[in-house]
Amino acid sequence: MSAIKVMIVDDSAVVRQVLSASLDEDAGIEVIATAPDPIFALEKMQKAWPDVIVLDVEMPRMDGVTFLKKIMATRPTPVVICSTLTERGSETAMQVLAAGAFAIVTKPKTALRQFLIESASELIHAIKAASKANLKRLGPARPLTPLLATTPKLSADVILAAGGQNQAMAQTTESIVAIGTSTGGTQALEVVLTALPRVCPGIVVVQHMPEKFTAAFAQRLNGLCQIEVKEAVHGDRVMAGRALIAPGGKHMLLKRSGAQYVVDVVDGPPVSRHCPSVDVLFRSAARFAGKNAVGIIMTGMGDDGAKGLKEMHDAGAWTIGQDEDSCVVYGMPKEAVKLGAVDKVLPLKNIPEAILGRISRKG
């Protein structure tokens, strides 16, 4: 395979030098150009277009957010933001994610050189992941959340032990929808949730996102959707016309409280290298909702959620996997299909109709 062609756009000569040296040490990456600002970058890109761009935000002549929007509007290209202005939950971080940044690596304001050297593996991992994006689907609001490359891969057992007794009600008119997604999921969730009417089943969502991002993401969706969308709080009821999004840095489980469904929001280690984890949510949905649930796995890297969706499928839930053509990264749905966990493979645009059709038939 040919090396991933990378361009670094940063007004700091130190950053360009240190990043170039660090990236060039990886045989799979080739730094083809550096530029002190987007204007110079555009000139160089006319001669050789990179596979991935590493981009600062605060620069002379044109800021990184404006440049990012220009790239996504003309020739979508994976962009990894590397800036001091993108602390988790900051307004700038949300702006670059909404504009289409594929990943964010936040630079510290001090000890920069040492940080860049020590964080080279994180940046390399983000670049390699970004290079695999489906360019047909790459565009605004499709971020890749920070990757936990060195985290041990634990199973859902550390949060909810396997093999517990099925506690789903044998018959109920209250159905729930559990959705899991990662890379490309912010836009995919917007497509699904904005298409749902106020009268729709209760929804629980795990979107791989860091702490503090999920609150802003839920608030944004709430302003776009007919249904209520909110970041989940421990004990929240899952009810018709509401979507609960697992908070970053916490696991979310579906539980029963009498004839109602509620969520538990709990601390715990990453599962399948993610916190929140789709596997955790899906396992709890299998145990406490069973055949009264619909499980949906959408665009994302890795395999988080595949085993959990199989558990939902085996418990009688109806399961959907997003198709390859409409995914930004066909990882999680692909692994679920391989396990035999998916009843129906659908394009993203057809998923809302499928949810409503299934619930209507069940009712």
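Look a little higher up for the structure.
The numbers attached to residues start from 1 for each chain and follow its sequence in the written order. Given that the model is predicted, a residue must reach a pLDDT of at least 70 before its local features are reported, and side-chain atom pairs must reach 80 or more before they are shown or counted; all residues, however, enter totals for whole chains, interfaces and linings. Based on all heavy atoms of the structure, the side-chain values leave hydrogens and waters out of the count.

**Student:** How would you explain the overall build of the protein chain if you had to name every residue and give the values?
**Tutor:** Every helix listed is a DSSP run of H or I at least four residues long, and every strand listed is a run of E at least two residues long, numbered separately from the N terminus. Tallying secondary structure elements over the protein chain gives 12 helices and 15 strands in all. Looking at the 363 residues of the protein chain, the share that counts as buried comes to 55%. By the convention used here, residues are in contact when the closest approach between their heavy atoms is within 4.5 Å. In the protein chain, the share of contacts with a sequence separation of at least 24, taken over all contacts with a separation of at least 6, comes to 75%. Throughout, the Shrake-Rupley method with a 1.4 Å probe supplies accessible areas, and for residues the shown protein chains are the sole cover considered. Counting only carbon and sulfur atoms, one obtains 50% of the accessible surface of the protein chain, whose full area is about 15000 Å². Note on classification: 1.4 Å probe, protein chains only; a residue is buried when its accessible area is under 20% of the maximum for its type, exposed when over 50%, partly exposed between these limits.

**Student:** How would you explain the packing of helix α2 (residues 38-45) against helix α3 (residues 64-74) if you had to name every residue and give the values?
**Tutor:** Between two packed helices, what matters for the description is the angle formed by their axes and the separation of those axes. At their nearest, the axes of α2 and α3 sit 10 Å apart, and the two run at 25° to each other. Taken together, α2 and α3 sit at an angle that is classed as roughly parallel. Seen from α2, the contacting residues are Pro38, Ala41, Leu42 and Met45; seen from α3, they are Phe67, Lys70 and Ile71. Note on residue classes: Ala, Val, Leu, Ile, Met, Phe, Trp, Tyr, Cys and Pro are nonpolar, Asp, Glu, Lys and Arg are charged, and everything else, Gly too, is polar. Classifying every residue of the contact of α2 with α3 gives 6 nonpolar, no polar and 1 charged. Working convention: axes come from line fits to C-alpha atoms, limited for helices to the stretch in contact. Angles between N-to-C directions cover 0 to 180 degrees. Just so you know how the angles are binned, under 35 degrees is roughly parallel, over 145 roughly antiparallel, 65 to 115 roughly perpendicular, and the rest oblique.

**Student:** Break down the side chain of Asp264 for me, citing the residues and quoting the values.
**Tutor:** Tracing the chain through its elements places Asp264 in strand β12 (residues 260-266). In this structure, Asp264 is in contact with His234, His251, Met252, Leu253 and Lys255, ignoring residues within four places of it in sequence.

**Student:** Let's hear about the pattern of salt bridges: which residues, and what values?
**Tutor:** Salt bridge, as used here: a side-chain nitrogen of Lys or Arg that lies within 4 Å of a carboxyl oxygen of Asp or Glu. Under the criterion given, the structure shown has 11 salt bridges. Linking Arg283 and Asp157 is a salt bridge whose minimum nitrogen-to-oxygen distance equals 2.6 Å. Here Arg283, found in helix α9 (residues 278-288), pairs with Asp157, found in the loop between α6 (120-130) and β6 (176-181); they are 126 residues apart in sequence, far enough to count as distant. For Arg283, a relative accessible area of 8% translates into the label buried. The shortest N-O distance in the salt bridge between Asp314 and Lys310 comes to 3.0 Å. Placement of both Asp314 and Lys310 in helix α10 (residues 306-314) is noted, with a separation of 4 residues, approximately one turn of the helix.

**Student:** Provide a residue-level description of the sheet that holds β6, including the pertinent values.
**Tutor:** Strand pairing follows a simple DSSP-based rule, namely that at least 2 bridges must link the two strands. Judged by pairing direction, the sheet is parallel, and its 7 strands sit side by side in the order β8-β10-β7-β6-β13-β14-β15 without closing on themselves. At either margin of the open sheet sits one strand with a lone partner, and together these are β8 (228-231) and β15 (344-346). Geometrically, the sheet is characterised by an average inter-axis angle of 20° between neighbouring strands, direction not taken into account. Looking at chain direction, strand β14 (residues 318-322) and β15 are connected through 3 bridges and run parallel.

**Student:** Go over the environment of Val233, please, and point to the residues and values.
**Tutor:** Summarising the element assignment, Val233 is placed in the loop between β8 and β9 (237-238). Looking at Val233, the relative accessible area reads 47%, which means it is partly exposed. Put simply, Val233 and Val266 are 33 residues apart on the chain and 9.8 Å apart in space, counted from C-alpha to C-alpha.

**Student:** Any chance you could break down the nonpolar core for me, citing the residues and the numbers?
**Tutor:** Leu193 and Ile203 are the most contacted members of the largest nonpolar core, which has 55 residues in total. In terms of residue count, α3 provides more of this core than any other element does, 5 residues in total. Excluding anything up to four places from it in sequence, Leu193 contacts Ile203, Leu221, Cys225, Ile227, Val229 and Ala243. If you look at the next biggest cluster of nonpolar residues, it comprises 29 residues, including Tyr261, Leu281, Ala286 and Ala317. Buried residues of nine kinds, namely Ala, Val, Leu, Ile, Met, Phe, Trp, Tyr and Cys, make up a nonpolar core once their side-chain atoms join them within 4.5 Å.

**Student:** For the pairing of strand β2 (residues 29-35), give the residues involved together with the corresponding values.
**Tutor:** Examined bridge by bridge, strand β1 (residues 4-9) and β2 share 6 bridges and lie parallel to one another. If you follow Ile4 over to β2, its bridge partner there is Ile29. Seen with its strands pointing away from the viewer, a crossover is right-handed if its path from the first strand over the helix to the second goes clockwise. Note that the unit made of β1, helix α1 (residues 13-24) and β2 has a crossover that is right-handed.

**Student:** Got a sec to walk through the sheet that holds β9? Specific residues and values, please.
**Tutor:** Spatial strand order, β9-β12-β11: 3 strands in an open sheet with antiparallel pairing. The open sheet has two edge strands with one neighbour each: β9 and β11 (251-257). Bridge count for β9 against β12 is 2 bridges, and the pairing is antiparallel. Bridge assignment links Arg237 to a residue of β12, and that residue is Val262. Docked against the sheet, α9 engages β11 and β12, running at close to 10° with respect to β11.

**Student:** Can you break down the environment of Leu224 residue by residue, with the values?
**Tutor:** Within the secondary structure layout, Leu224 lies in helix α8 (residues 213-224). With relative accessibility at 43%, the residue Leu224 sits in the partly exposed group. Sequence-wise, Leu224 and Glu190 are 34 residues apart; in three dimensions their C-alpha atoms are separated by 8.2 Å. With residues up to four places along the chain from it excluded, the contact list for Leu224 reads Glu190 and Thr194.

**Student:** Give a detailed account of unusual backbone geometry, specifying residues and quantitative values.
**Tutor:** Negative phi characterises most residues that are not glycine, and trans characterises most peptide bonds. Each neighbour pair has its own omega, and for Cys275 with Pro276 the value is 10°, a cis peptide bond. Summarising the element assignment, Pro276 is placed in the loop between β12 and α9. Notably, Arg61 is not glycine yet its phi reads approximately 70°, a positive angle. Counting through the fold element by element, Arg61 comes out in the loop between β3 (52-55) and α3. At Ser272, a residue that is not glycine, the phi angle is positive and equals roughly 50°. Relative to the elements of secondary structure, Ser272 occurs in the loop between β12 and α9. Overall, the relative accessible area of 9% leaves Ser272 in the buried class.

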